[in-house]
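One-letter residues, chain by chain:
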Amino acid sequence: MAALSGKVIQNAFLAQHRPQASHSTRYPSDFCALDTCSMHSFQECRLRLAGTSAKRLNTISRAWISSSKQAYISCNAAQGSSVSSSVKVDFLKLQNGSDIRGVAVAGVEGEPVNLTEPVTEAIAAAFAAWLLNKKKADGWRRLRISVGHDSRISAHKLQNAVTLGMTTAGHDVLQFGLTSTPAMFNSTLTEDEVNHCPADGAIMITASHLPYNRNGLKFFTSDGGLNKADIKDILERASRIYEDSSHGSIQELEQSLKGEVTNVDYMSIYASDLVKAVRKSSGNKEKPLEGLHIVVDAGNGAGGFFVDKVLKPLGAITTGSQFLEPDGMFPNHIPNPEDETAMKAITQAVADNKADLGIIFDTDVDRSAAVDSSGRELNRNRLIALMSAIVLEEHPGTTIVTDSVTSDGLTTFIENKLGGKHHRFKRGYKNVIDEAIRLNTIGEESHLAMETSGHGALKENHWLDDGAYLMVKLLNKLAAARILNPNVGSKVLTDLVEGLEEASVTVDIRLKIDQNHADLKGGSFRDYGEAVLKHLENAISKDENLSKAPKNYEGVRVSGDGGWFLLRLSLHDPVLPLNIEAPSKDDAIKLGLAVLTAVSEFPALDITALNKFLQQ
C-alpha cells in the first residue's frame, strides 16, 4: 500500500504548513511526489520545501512518479521510519480497551517502539475502511476525517502518519493540530460547512496521562467513541494492510493521490460553544463570571485554551493559572486529576492567588477536577456527588451511573439526600457511558455517567466524555447564582455536597499475578484471577460479619466493619486491584485481613503490598 511510503516528504511538508489562523487552508496530497533522493538530509528536505510554493506542489506531474517509482521507494527506505513495513508487528497488542496505545518514542529501557509511523499509517487506512463499512457505503466514497493531537512529543510525527494513511487511501483530512479529545468527537456533530464540518469520523492522537514515550489513538463517529470490538476489527484490518504494503503496485500509488488536507482552527469553534452555554445559564449576560478569580492548571497538556478562549471572554480573572504551555515531557507534574501531586499543585495555586475556584485537566481534557476557595478538592467521589446534585436538580429522580469503586457514602448521598438512583457498574469510562445509554433504551432515565477518575458524560451533551463541559456545568451554577448575589463564590458549589459521608481511610492496593508461576499451569492470568475472585466470594459467604453487595457488576464487593472493599480483575493487566474504605485504620485492617486469608492460597498472586499495609 502506498500509505507506507513517502514519509520524509510528508513530515517535512507538514512542518511548513501548520495552522496559524482561524480560517481553513487546503492543499492536495500530491506533495508525496516530491523527489527526496537527491537530498542528503531531512533538514535539507525541509529547506527545499520551504521555498516551494503550494501552487508548484499542486502541479507536480504524476508521470514523474511512474518513471521514478523504484527510486522513490528505495529513498524512503533509507530516510523514512527505522521500522519498515516488512517488520512483523502484532497489532492486537496495541489494543487498550476502546483505545489504541503503544510506545512511540525510544529511550526507555525495556519499552521498544511499537507505534511506528508505518503502523500508524496502516491503522489510519484501516479506520477509513472500517468507517466505510459502518456507513454501508455503496462502493467506495470519499470520506472527511478530522485529526487532532495533544501535547506529546511524538504528536506531529503520528499526525503526519495518520494524514498520509488517509490521503493515500483517497480520503480528505481536516487537521486540527493541538486539540482536546472531546473536541474531536464534537467535530462529527458540528454543522459548519465553512470549516468542512461535520466530519465523517475523527481520530485523536493521545495517551492521556501516560509517560512521554507513549502515544495512542482514539476514534469517533457521530455515534460516539468506538468500542472494544470495533478497535479489534480496525487492528485486524490494519495488520492485513501492513502485510500487503510490501506488495504494493504503482497503480495503487497513482490511484491513491486523491485526498486533500485542510487546516482548521476547530478549538475556537468548540470553545465558543462552551462560552455560549455559560452565557445562556446567566440569562445571556455577556460576562457572567466578571469578578470571579479562577485559576487553571493544564498540566502542560491541551487544556490551556480554557483560559483565553473560555474564562476570559466570560469575564473571569485568570492570573495565577499555570502550566498552560504544551510540553510533552510534562515537566511539572503528571497531568492527571487523580494524582496527588497534581492536586496539590492546583490547590497551592488557589491558595497563593486567593482564587475563588481552581480547575485542573488531564492531558487531552476528557477528565477534570476542581478545588474550591478553601482548598477543598472536588474530585473522585466529591466531584460525582457535585455533578449528581446539579443534574438531579435539573432531572429529579434520574439514575446516576458510576464505576465500581465509588463509595457507599456516595450511594447514600445520591439516593437518600438527592432522591436519585445510584447504579454502580464496571470500571472503564466507555463501560459506564454505554451502561447509561443502555438504561435509557430500556426506559430507565439516566442523565449522568461518571468515573472516579474524572471521566464524565451527560445525556444533554450527546454522552460526550468531556472534562471541559463538566467544568462548564460548575460555571453555569456559579453564573446563575451570581444573578441573585453578585458576591457569591465557590461556596455555592461546596454547599451542594454538604452531607456526603466520606471514609477516614482509603486504600488502593494492586496485587500482581505472576504469569510465569507454575501455579498458572499454562493458563491465562485472567482465568487465574477469576479463580481468586470465586474463592474469595465463597470465603465471604461463610463470614457472618461480612456481606456481599446484592448488585455488583465487577469483582467481589463486600461491606462490613463500617466500611467496604472491592477486589476486581484489571481490564487489561495481570493485576487484581483492591480498594478499601473504612472509618478507621483498625477497621480497614480487618477488611484487609479478610481478603488476605482468602487469597493467600494462590501462590502466583503477589500479596507483598497487602502485607505491607497490614503491618503498618
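Residues numbered from 1 in each chain as written. Predicted model: local features only at pLDDT ≥ 70, side-chain atom pairs only at ≥ 80, totals over all residues. Heavy atoms only, no water.

K.L.:
I'd like a description of the sheet that holds strand β22 (residues 563–567), backed by residues and values.
P.N.:
Hydrogen bonding along the main chain pairs the strands of a sheet, whether they run parallel or antiparallel. Strand order in the open sheet made by the six strands is β20-β21-β22-β23-β19-β24, with antiparallel pairing throughout. Two strands bound the open sheet, and with one partner strand each, they are β20 (547–548) and β24 (605–606). Strands in contact with helix α20 (residues 585–599) are β19 (505–513), β21 (556–560), β22, β23 (575–582) and β24; relative to β23, the strand with the most contacts, it is inclined by about 150°. (Pairing = 2+ DSSP bridges. Helix = DSSP H or I, 4+ residues; strand = E, 2+ residues; numbered from the N terminus. Contact = heavy atoms within 4.5 Å. Axes fitted to C-alpha atoms, helices over the stretch in contact; angles between N-to-C directions.)

K.L.:
I'd like to hear about the sheet that holds strand β14 (residues 399–402), residue by residue, with values.
P.N.:
If you trace the five strands from one edge of the open sheet to the other, you get β15-β14-β16-β17-β18, paired in mixed fashion. Sheet topology places β15 (421–424) and β18 (464–465) at the edges, where each strand pairs with a single neighbour. Across four bridges, the pairing between β14 and strand β16 (residues 446–450) is parallel. When the bridges of β16 are listed, threonine 402 appears paired with methionine 450. Packed on one face of the sheet, helix α15 (residues 408–417) meets β14 and β15 and runs near 150° to β15.

K.L.:
I'd love a proper account of the packing of aromatic side chains, names of residues and values included.
P.N.:
Applying the stated criterion across every chain, the model contains 10 aromatic pairs. Ring geometry for phenylalanine 176 against tyrosine 266: centres 4.8 Å apart, planes inclined by 10°, an arrangement best described as stacked. One end of the pair, phenylalanine 176, is in strand β5 (residues 172–178); the other, tyrosine 266, is in helix α11 (residues 266–281), with 90 residues separating them in the sequence. Across the pair, exposure class does not vary: phenylalanine 176 and tyrosine 266 are buried alike. Relative to tyrosine 553, the ring of phenylalanine 425 has its centre 4.9 Å away and its plane inclined at 55°; by these criteria the two rings are tilted. Linking phenylalanine 425 in the loop between β15 and α16 (429–441) with tyrosine 553 in the loop between β20 and β21, this pair joins segments that are 128 residues apart in sequence. Given the relative accessible area of 11%, phenylalanine 425 is considered buried. Residue classification places tyrosine 553 among the partly exposed positions, given a relative accessible area of 36%. What links up through ring pairs into an aromatic cluster is the set Tyr270, Phe305, Phe306 and Phe361. Of note, arginine 557 hangs over the ring of tryptophan 564, and the distance from its end group to the ring centre comes to 3.8 Å. (Phe/Tyr/Trp six-rings, centres within 6.5 Å; stacked < 30°, edge-to-face > 60°. Buried < 20%, exposed > 50% of the residue type's maximum accessible area, 1.4 Å probe, protein only. Lys NZ or Arg CZ within 6 Å of the ring centre and 35° of its normal.)

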